[in-house]
Amino acid sequence: MILESAQTFTLKHPRGFDEALRFVRSPEVSLARVRFLSDLTNRDGQVGGHLTVKTPGLGDIYLPFASQLQQEPDGASLQALTLPDRNWVAVDGRASVIPTADMTFRFHFTAHVTLPDVPGWGSAAFEKMVSAAAQRTLMRVAEALPRDLEAALPTPE
(Lines give C-alpha, C1' and ligand atoms only; values in the text may rest on other atoms or scores of the structure.)
Protein backbone atom coordinates (compact mmCIF):
# COMPACT_ATOMS: atom_id res chain seq x y z
CA MET A 1 0.00 0.00 0.00
CA ILE A 2 1.26 3.49 -0.84
CA LEU A 3 0.08 6.54 1.12
CA GLU A 4 0.96 10.16 0.47
CA SER A 5 0.81 13.48 2.25
CA ALA A 6 2.28 16.92 1.56
CA GLN A 7 2.68 20.22 3.34
CA THR A 8 3.82 23.70 2.29
CA PHE A 9 4.28 26.52 4.78
CA THR A 10 6.35 29.64 5.49
CA LEU A 11 8.14 30.64 8.70
CA LYS A 12 10.22 33.72 9.46
CA HIS A 13 13.65 33.27 11.01
CA PRO A 14 14.09 35.75 13.89
CA ARG A 15 17.81 36.32 13.22
CA GLY A 16 17.91 37.27 9.55
CA PHE A 17 18.74 35.82 6.16
CA ASP A 18 22.14 34.21 6.90
CA GLU A 19 20.83 32.37 9.96
CA ALA A 20 17.72 31.30 8.03
CA LEU A 21 19.93 29.84 5.30
CA ARG A 22 21.98 27.91 7.90
CA PHE A 23 18.74 26.67 9.51
CA VAL A 24 17.28 25.20 6.31
CA ARG A 25 20.63 23.63 5.35
CA SER A 26 20.98 21.91 8.75
CA PRO A 27 18.25 19.28 9.08
CA GLU A 28 19.73 18.04 12.36
CA VAL A 29 18.83 21.50 13.75
CA SER A 30 15.64 22.35 11.84
CA LEU A 31 14.07 18.88 12.27
CA ALA A 32 15.29 18.35 15.85
CA ARG A 33 11.89 19.11 17.42
CA VAL A 34 9.77 17.11 14.98
CA ARG A 35 8.00 14.75 17.37
CA PHE A 36 7.16 11.99 14.89
CA LEU A 37 10.81 11.56 13.81
CA SER A 38 13.35 9.49 15.71
CA ASP A 39 16.99 8.50 15.22
CA LEU A 40 17.59 11.56 13.00
CA THR A 41 21.05 11.58 11.38
CA ASN A 42 22.91 13.65 8.82
CA ARG A 43 26.01 11.90 7.52
CA ASP A 44 27.82 13.36 4.54
CA GLY A 45 24.62 14.94 3.26
CA GLN A 46 22.47 11.84 3.71
CA VAL A 47 19.64 12.53 6.14
CA GLY A 48 17.94 9.54 7.71
CA GLY A 49 15.83 8.35 10.58
CA HIS A 50 12.45 6.83 11.33
CA LEU A 51 8.92 8.13 10.97
CA THR A 52 6.41 6.72 13.47
CA VAL A 53 2.98 5.78 12.09
CA LYS A 54 0.27 4.63 14.51
CA THR A 55 -2.08 1.98 13.14
CA PRO A 56 -4.92 -0.05 14.66
CA GLY A 57 -4.17 -3.72 14.96
CA LEU A 58 -0.49 -3.29 14.15
CA GLY A 59 0.45 -0.64 16.72
CA ASP A 60 3.30 1.74 15.96
CA ILE A 61 5.11 1.17 12.67
CA TYR A 62 8.57 2.73 12.43
CA LEU A 63 9.22 3.58 8.81
CA PRO A 64 12.86 4.26 7.97
CA PHE A 65 13.71 7.03 5.55
CA ALA A 66 16.82 8.31 3.81
CA SER A 67 17.13 11.46 1.73
CA GLN A 68 20.02 13.18 0.00
CA LEU A 69 20.51 16.77 1.14
CA GLN A 70 21.45 19.20 -1.63
CA GLN A 71 22.40 22.79 -0.97
CA GLU A 72 20.67 25.23 -3.29
CA PRO A 73 21.62 28.90 -3.83
CA ASP A 74 18.55 30.02 -1.87
CA GLY A 75 18.19 27.06 0.53
CA ALA A 76 18.28 23.28 0.38
CA SER A 77 16.40 20.27 -0.95
CA LEU A 78 15.86 16.69 0.15
CA GLN A 79 15.61 13.95 -2.46
CA ALA A 80 14.25 10.63 -1.23
CA LEU A 81 16.40 7.56 -1.57
CA THR A 82 14.76 4.18 -2.19
CA LEU A 83 15.21 1.74 0.69
CA PRO A 84 15.18 -2.06 0.46
CA ASP A 85 12.96 -2.36 3.56
CA ARG A 86 9.47 -3.83 3.38
CA ASN A 87 8.04 -0.72 5.04
CA TRP A 88 9.65 2.68 4.47
CA VAL A 89 8.84 6.29 3.68
CA ALA A 90 10.17 8.54 0.95
CA VAL A 91 10.77 12.08 2.23
CA ASP A 92 11.20 14.77 -0.42
CA GLY A 93 11.39 18.45 0.34
CA ARG A 94 12.59 21.92 -0.54
CA ALA A 95 13.29 24.92 1.65
CA SER A 96 13.95 28.34 0.17
CA VAL A 97 14.87 31.58 1.90
CA ILE A 98 14.26 35.14 0.72
CA PRO A 99 16.16 38.26 1.94
CA THR A 100 13.47 39.07 4.54
CA ALA A 101 14.38 35.73 6.26
CA ASP A 102 11.07 34.12 5.26
CA MET A 103 11.64 30.39 4.81
CA THR A 104 9.22 28.45 2.61
CA PHE A 105 9.16 24.69 3.21
CA ARG A 106 7.62 22.08 0.90
CA PHE A 107 7.51 18.47 2.09
CA HIS A 108 6.12 15.39 0.40
CA PHE A 109 5.84 12.02 2.17
CA THR A 110 5.19 8.72 0.39
CA ALA A 111 4.81 5.77 2.77
CA HIS A 112 5.33 2.26 1.41
CA VAL A 113 3.63 -0.21 3.76
CA THR A 114 3.25 -3.96 3.28
CA LEU A 115 0.42 -5.42 5.34
CA PRO A 116 0.51 -8.93 6.75
CA ASP A 117 -1.76 -11.48 5.08
CA VAL A 118 -5.09 -11.74 6.86
CA PRO A 119 -7.02 -14.74 5.49
CA GLY A 120 -10.76 -14.72 5.00
CA TRP A 121 -13.39 -12.09 4.43
CA GLY A 122 -11.85 -9.69 6.95
CA SER A 123 -8.70 -8.99 4.94
CA ALA A 124 -10.23 -6.22 2.80
CA ALA A 125 -11.80 -4.56 5.86
CA PHE A 126 -8.50 -4.84 7.76
CA GLU A 127 -6.60 -3.26 4.87
CA LYS A 128 -9.12 -0.42 4.65
CA MET A 129 -8.94 0.23 8.38
CA VAL A 130 -5.13 0.27 8.47
CA SER A 131 -4.94 2.37 5.31
CA ALA A 132 -7.33 4.98 6.72
CA ALA A 133 -5.49 5.14 10.07
CA ALA A 134 -2.08 5.39 8.42
CA GLN A 135 -3.32 8.10 6.04
CA ARG A 136 -4.68 10.10 8.99
CA THR A 137 -1.33 9.74 10.76
CA LEU A 138 0.58 10.93 7.69
CA MET A 139 -1.73 13.94 7.43
CA ARG A 140 -1.19 14.73 11.13
CA VAL A 141 2.55 14.46 10.57
CA ALA A 142 2.38 16.99 7.74
CA GLU A 143 0.11 19.31 9.73
CA ALA A 144 2.49 19.24 12.74
CA LEU A 145 5.56 20.22 10.70
CA PRO A 146 5.09 24.02 10.85
CA ARG A 147 4.69 23.98 14.65
CA ASP A 148 7.60 21.58 15.18
CA LEU A 149 9.99 23.48 12.90
CA GLU A 150 9.00 26.76 14.49
CA ALA A 151 9.84 25.25 17.90
CA ALA A 152 13.39 24.62 16.65
CA LEU A 153 13.94 28.29 15.78
CA PRO A 154 16.16 30.30 18.15
CA THR A 155 14.76 33.18 20.13
CA PRO A 156 15.31 36.66 18.66
CA GLU A 157 18.48 38.41 19.77
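The rules we used
- Residues numbered from 1 in each chain as written.
- Predicted model: local features only at pLDDT ≥ 70, side-chain atom pairs only at ≥ 80, totals over all residues.
- Heavy atoms only, no water.
- Phe/Tyr/Trp six-rings, centres within 6.5 Å; stacked < 30°, edge-to-face > 60°.
- Buried < 20%, exposed > 50% of the residue type's maximum accessible area, 1.4 Å probe, protein only.
- Pairing = 2+ DSSP bridges.
- Helix = DSSP H or I, 4+ residues; strand = E, 2+ residues; numbered from the N terminus.
- Axes fitted to C-alpha atoms, helices over the stretch in contact; angles between N-to-C directions.

Colleague: Quick one: what's the story with the packing of aromatic side chains, residue by residue and with numbers?
Modeller: Enumeration according to the criterion identifies four aromatic pairs in this entry. With a centroid separation of 6.3 Å and 5 degrees between ring planes, the pair formed by Phe 105 and Phe 107 is classed as stacked. For the pair formed by Phe 105 and Phe 107, the shared burial category is buried. Each ring, one from Phe 107 and one from Phe 109, has its centre 6.2 Å from the other, and the planes form 10 degrees; the classification is stacked. Here the aromatic cluster, defined as three or more aromatic residues joined through ring pairs, consists of Phe 9, Phe 105, Phe 107 and Phe 109.

Colleague: Help me get a handle on the sheet that holds strand β4 (residues 59-72), residues and values and all.
Modeller: Across the sheet, seven strands lie side by side as β1-β7-β6-β5-β4-β3-β2; this open sheet has antiparallel pairing. Edge strands, defined here as strands with exactly one partner in the open sheet, are β1 (2-12) and β2 (37-43). Adjacent strand axes in the sheet meet at a mean angle of 20 degrees, parallel and antiparallel pairs treated alike. Direction of pairing for strand β5 (residues 75-80) relative to strand β6 (residues 88-97): antiparallel, over a ladder of four bridges. Residue pairing in the sheet places Ser 77 in a bridge with Arg 94 of β6.

Colleague: Tell me about the pairing of β1, and name the residues and values.
Modeller: Within a regular strand, side chains alternate between the sheet's two faces. Judged by which residues are buried, β1 turns out to be one-sided: Leu 3, Ser 5, Gln 7, Phe 9 and Leu 11 face inward and are buried, whereas Ile 2, Glu 4, Ala 6, Thr 8, Thr 10 and Lys 12, on the alternate face, are not. Here β1 pairs with strand β7 (residues 102-112) via eleven bridges, running antiparallel. Residue pairing across strands places Gln 7 opposite Phe 107, the latter belonging to β7.

Colleague: Describe the pairing of β4, and please don't skip the residues or the numbers.
Modeller: For strand β3 (residues 46-55) and β4, the ladder comprises ten bridges, and the chain directions are antiparallel. Pairing of Thr 55 across the sheet is with Gly 59, part of β4. Where β4 meets β5, six bridges bridge the pair, whose relative direction is antiparallel. Bridged to Glu 72 within β5 is Gly 75. In textbook terms, the turn of a hairpin is the stretch between consecutive antiparallel strands, and for β4 and β5 this stretch comprises two residues.

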